[in-house]
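Architecture and fold: a report
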Amino acid sequence: MTSPELELTHCIEFSSAHRLHDPALTDAENAKLYGPCNNLNGHGHTYRLEVTVRGCVPRSGMIIDLNVLRVIMHEEVFDHVDHKHLDKDVAFLAGRISTAENLALAFWERLAPPIEKRGGGQLVRVRVYEGSDSFVDCFGV
Ligand code: NI
């Protein structure tokens, strides 16, 4: 009998400013494409990051130690983005247009190696809420 796999999720919230703007486009094209999200001086959101790890339940009873997962999420994401301007302050987002989709991809790239290094559980989903009523799911890069 194989042991079942379970999924464990930890969530954090952070607040950031950003501006959707593609430097390859003209100002008029950006304004048309991104609308109010292209506002010159940016705007803010409360973001929510949910990180899900899947694995069998070992003798310890933990797929991954929640304290370890929380520290990884803070060190890799929260400490870099909370109360920051995503387009100006965050080195690992340089060159990316700061949509929730691109945040999810960038967060996955940062979170997967340290989670994998811990052994046991495997990163299976990174969910990024921009505000409370819409989110993006990333299942791998
Ligand atoms: Ni926005």
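The text that follows walks through the structure, step by step, so that each part is easy to find. (Residues numbered from 1 in each chain as written. Predicted model: local features only at pLDDT ≥ 70, side-chain atom pairs only at ≥ 80, totals over all residues. Heavy atoms only, no water.)

Angles between donor atoms at a metal ideally measure 109.5 degrees for a four-coordinate tetrahedral arrangement and either 90 or 180 degrees for a six-coordinate octahedral one. Within the protein, the atoms that donate to the nickel ion are His18 (NE2), His43 (NE2) and His45 (NE2), at distances of 2.0 to 2.1 Å. Coordination of the nickel ion draws on donor residues from a single chain, spaced H-x24-H-x1-H in sequence. Separated by 27 residues along the polypeptide, His18 in strand β1 (residues 5–18) and His45 in strand β2 (residues 43–56) bring together distant segments of the chain. The same class applies to His18 as to His45, namely buried. (Donors = N, O, S within 2.8 Å, 3.2 Å for Na, K, Ca; no water. Helix = DSSP H or I, 4+ residues; strand = E, 2+ residues; numbered from the N terminus. Buried < 20%, exposed > 50% of the residue type's maximum accessible area, 1.4 Å probe, protein only.)

Time to look at the packing of aromatic side chains. In total, this model carries four aromatic pairs according to the counting rule given. Consider the rings of Phe92 and Phe107, whose centres lie 6.2 Å apart with planes at 70°: the pair is edge-to-face. Here Phe92, found in the loop between β3 (84–85) and α3 (100–117), pairs with Phe107, found in helix α3; they are 15 residues apart in sequence, far enough to count as distant. Both residues of the pair, Phe92 and Phe107, count as buried. Ring pairs connect the aromatic residues Phe14, Tyr47, Phe92 and Phe107, which therefore count as one cluster. (Phe/Tyr/Trp six-rings, centres within 6.5 Å; stacked < 30°, edge-to-face > 60°.)

With that settled, consider the sheet that holds β2. Ordered by their spatial adjacency, five strands build an open sheet running β3-β1-β2-β4-β5, and the pairing between neighbours is mixed. Here the strands that pair on one side only, and so sit at the sheet edges, are β3 and β5 (135–138). Pairing of strand β4 (residues 122–130) with β5 involves four bridges; the strand directions are antiparallel. When the bridges of β5 are listed, Val128 appears paired with Val136. (Pairing = 2+ DSSP bridges.)

Describing two packed helices takes the angle between their axes plus the distance from one axis to the other. Across the interface, helix α2 (residues 66–81) lies against α3 with an axial gap of 10 Å and an inter-helix angle of 150°. Judged on the interaxial angle alone, α3 and α2 are roughly antiparallel. The way α2 lies across α3 gives a crossing that is right-handed. On α3, the residues touching Leu69, Ile72, Met73, Glu75, Glu76, Val77, His80 and Val81 of α2 are Phe107, Arg110, Leu111, Pro114 and Ile115. When the residues that make up the contact of α2 with α3 are grouped by side-chain class, the tally is nine nonpolar, one polar and three charged. (Axes fitted to C-alpha atoms, helices over the stretch in contact; angles between N-to-C directions. Parallel < 35°, antiparallel > 145°, perpendicular 65-115°, else oblique. Left-handed = near helix turned anticlockwise from the far one by under 90°. Contact = heavy atoms within 4.5 Å. Nonpolar A, V, L, I, M, F, W, Y, C, P; charged D, E, K, R; others polar.)

Residue placement: Ser16 occurs in strand β1. On the basis of relative accessible area, Ser16 is assigned to the buried category, the value being 5%. Among the polar contacts listed, one links the side chain of Ser16 to the backbone oxygen of Val81, at a separation of 2.9 Å. For Ser16, the residues in contact, after removing those within four places along its chain, are His43, Gly44, His45, Tyr47, Val81, Lys84 and Leu86. (Polar contact = N/O pair within 3.5 Å; in protein donor to acceptor, adjacent residues only side chain to side chain.)

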